[in-house]
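The chain contents come next:
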Amino acid sequence: MQSDNCYIGGDGVAEQEFDLLKLTSTNYKVELVWSQYYSMAGTATSVIENTKMMDPTSTVAEERNRVIAEAKFLRAWAYFDIVRLWGDAPMVLDLIPTITAENLDKWYPVMYPERSATDKIYDQILDDLNEENTIRYLVSKNKGIFQATKGAAYALRAKVLATRGEKSTRDYTKVVEACDKVIAEGYTLVSNFDELWQPDKKFSSESIFEVYYTSDAPNWAYRVLLKEDDGSVTWRRYCTPTHDLVAKFDKEKDTRYASSILWKSVPYDTYWPADSYPLSYKIREKTSNIILMRLADILLLKAEALVELDRTPEAIRIVNSIRERAGFAPSSLDENMGQARGRLAVENERQLELYMEGQRWFDLVRNNRLLEVMQKHKAKDGRLLFAGLQAFRQLWPIPQGEKDKNTNLTQNEGY
């Protein structure tokens, strides 16, 4: 809902700040996300350091190396999202002991450090995703699993390389290489796009990293996005598709449209007429998994990198393969369209293919398109929502509660 894909949908002041791009440092959702990512990174560090200290005679080296590699993957993912959301940020890579009066002076600066520079964080992320010291120890799979694998690590590495620094400084050849290593693991696109979202079709050949849910450990998101347990809709659901997003779909040809958006009669008309209201449809039941990485994302990321390498015909062939699966004719886009049009073609396909998969905002920021796109984004009445949007909004504010605890923290520009 922070991008042009969705309106907030439901109620809540904290959520409205995301939707209206008016975040404040006291927004409790910002602090919640911060604490959860740092918990994820800290837990991974704890696993890494404690496993290193285990008695080598009591464990198998191969198992020990795999556990450390899986934890490094999770830490890399946590810090990747942290650096994308906040830029410069604290980074704690030490195992914190029990704090006592005797050791407080030593460990306080470690527990509450200054913000590390963005480049330093990216260095650590790529070190955690190092092929020789990490990826080689991960298992190899060719279908989705709720586990760090070689394919997932290569996919995360590709995203990191495609994001770090200014576009002019990125090594897009390395992005392509990382994407190709994902592909070489043996993942394949499913033939029917809708199967990806059917609750009984878990862990497909296209899925790379997938969070597992069951009726005993249910996915709460379907209640928030789609319906109550009895199938009814009695209160406003979150992440309502925007008019801009719906208008971009080819309603006749694109099979992704019906798989991504469900139209229902609802008891409210906040953004659309009550008798025909769109709901986000990729999480359909409480047993639905959440796919956090899949092959189509990586193929389109490879296409993005190929365009930047001025290899647009190759990029558009990839885009056309994704579009053909979606119901379009083969070679529906001209492979010789040129680099500028190629960039927009890849961007557009990523928006439609990956709707509600948490990619759109980061896609726009990564490609310096945030201001141009969001300044044209409209409300339901056609009014421009963000005509005066400022660049500092691409980062979130440092939570005030964290600044209160850690006096070494500085605030992001504009907040």
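Residues numbered from 1 in each chain as written. Predicted model: local features only at pLDDT ≥ 70, side-chain atom pairs only at ≥ 80, totals over all residues. Heavy atoms only, no water.

Peer 1: Where do I start with the packing of helix H3 (residues 61-86) against helix H5 (residues 118-128) in this structure?
Peer 2: The description of two packed helices rests on the angle between their axes and on the distance between the axes. Remark: H3 packs on H5, axes separated minimally by 8 Å, with the N-to-C direction vectors making an angle of 155°. By the angle between their directions, the pair H3 and H5 is classed as roughly antiparallel. As for how H3 packs across H5, the hand of that crossing is left-handed. In contact with Lys72, Arg75, Ala76, Tyr79, Phe80, Val83 and Arg84 of H3, H5 contributes Thr118, Ile121, Tyr122, Gln124, Ile125 and Asp128. In the contact of H3 with H5, the residues fall into seven nonpolar, two polar and four charged. (Axes fitted to C-alpha atoms, helices over the stretch in contact; angles between N-to-C directions. Helix = DSSP H or I, 4+ residues; strand = E, 2+ residues; numbered from the N terminus. Parallel < 35°, antiparallel > 145°, perpendicular 65-115°, else oblique. Left-handed = near helix turned anticlockwise from the far one by under 90°. Contact = heavy atoms within 4.5 Å. Nonpolar A, V, L, I, M, F, W, Y, C, P; charged D, E, K, R; others polar.)

Peer 1: For this particular structure, what's the right way to read the pairing of strand S2 (residues 207-211)?
Peer 2: A regular strand carries its side chains on alternate faces of the sheet. Among the five residues in S2, five count as buried, and that is most of the element. One ladder, built from four bridges, connects S2 with strand S6 (residues 290-294); its direction is antiparallel. Within S6, the residue paired with Phe209 across the bridge is Met293. (Buried < 20%, exposed > 50% of the residue type's maximum accessible area, 1.4 Å probe, protein only. Pairing = 2+ DSSP bridges.)

Peer 1: For this particular structure, what's the right way to read the nonpolar core?
Peer 2: Residues Phe73, Ile125 and Leu156 are the most contacted members of the largest nonpolar core, which totals 77 residues. The biggest single contributor to this core is H3, with eleven residues. When neighbours within four sequence positions are excluded, Phe73 is seen to be in contact with Leu129, Ala148, Ala152, Ala153, Leu156 and Phe209. Of all hydrophobic cores here, the second largest spans 24 residues; its members include Leu225, Tyr257, Ile261 and Val266. (Core = buried A, V, L, I, M, F, W, Y, C linked by side-chain atoms within 4.5 Å.)

Peer 1: Please explain the environment of Ile82 as it appears in this structure.
Peer 2: Of note, Ile82 is situated in helix H3. A C-alpha to C-alpha distance of 9.9 Å links Ile82 and Trp396, two positions 314 residues apart in sequence. Ignoring any residue separated from it by four or fewer positions in sequence, one finds Ile82 in contact with Tyr37, Tyr38, Gly87 and Ala89.

Peer 1: Help me out: how do you make sense of the packing of aromatic side chains in this one?
Peer 2: What describes a pair of aromatic rings is the distance from one ring centre to the other and the angle between the planes of the rings. Going through the model one piece at a time under the given rule, you end up with 17 aromatic pairs. Centroid distance Trp34 to Trp86: 5.0 Å. Interplanar angle 80°. Geometry classified as edge-to-face. Pair noted here: Trp34 is in helix H2 (residues 28-52) and Trp86 is in helix H3, with a separation of 52 residues, a long-range link. Of the two residues examined, Trp34 and Trp86, each falls in the buried class. Ring plane angle 75° and centroid distance 5.8 Å describe the contact between Phe146 and Phe209, whose orientation is recorded as edge-to-face. Residue Phe146 is found in the loop between H5 and helix H6 (150-161), and its partner Phe209 is found in strand S2; the two are separated by 63 residues along the sequence. (Phe/Tyr/Trp six-rings, centres within 6.5 Å; stacked < 30°, edge-to-face > 60°.)

Peer 1: Help me understand the environment of Glu285, please; the structure alone is not making it clear to me.
Peer 2: Mapped onto the secondary structure, Glu285 falls in the loop between strand S5 (277-280) and S6. In this structure Glu285 comes out as partly exposed when scored by relative accessible area, which is 33%.

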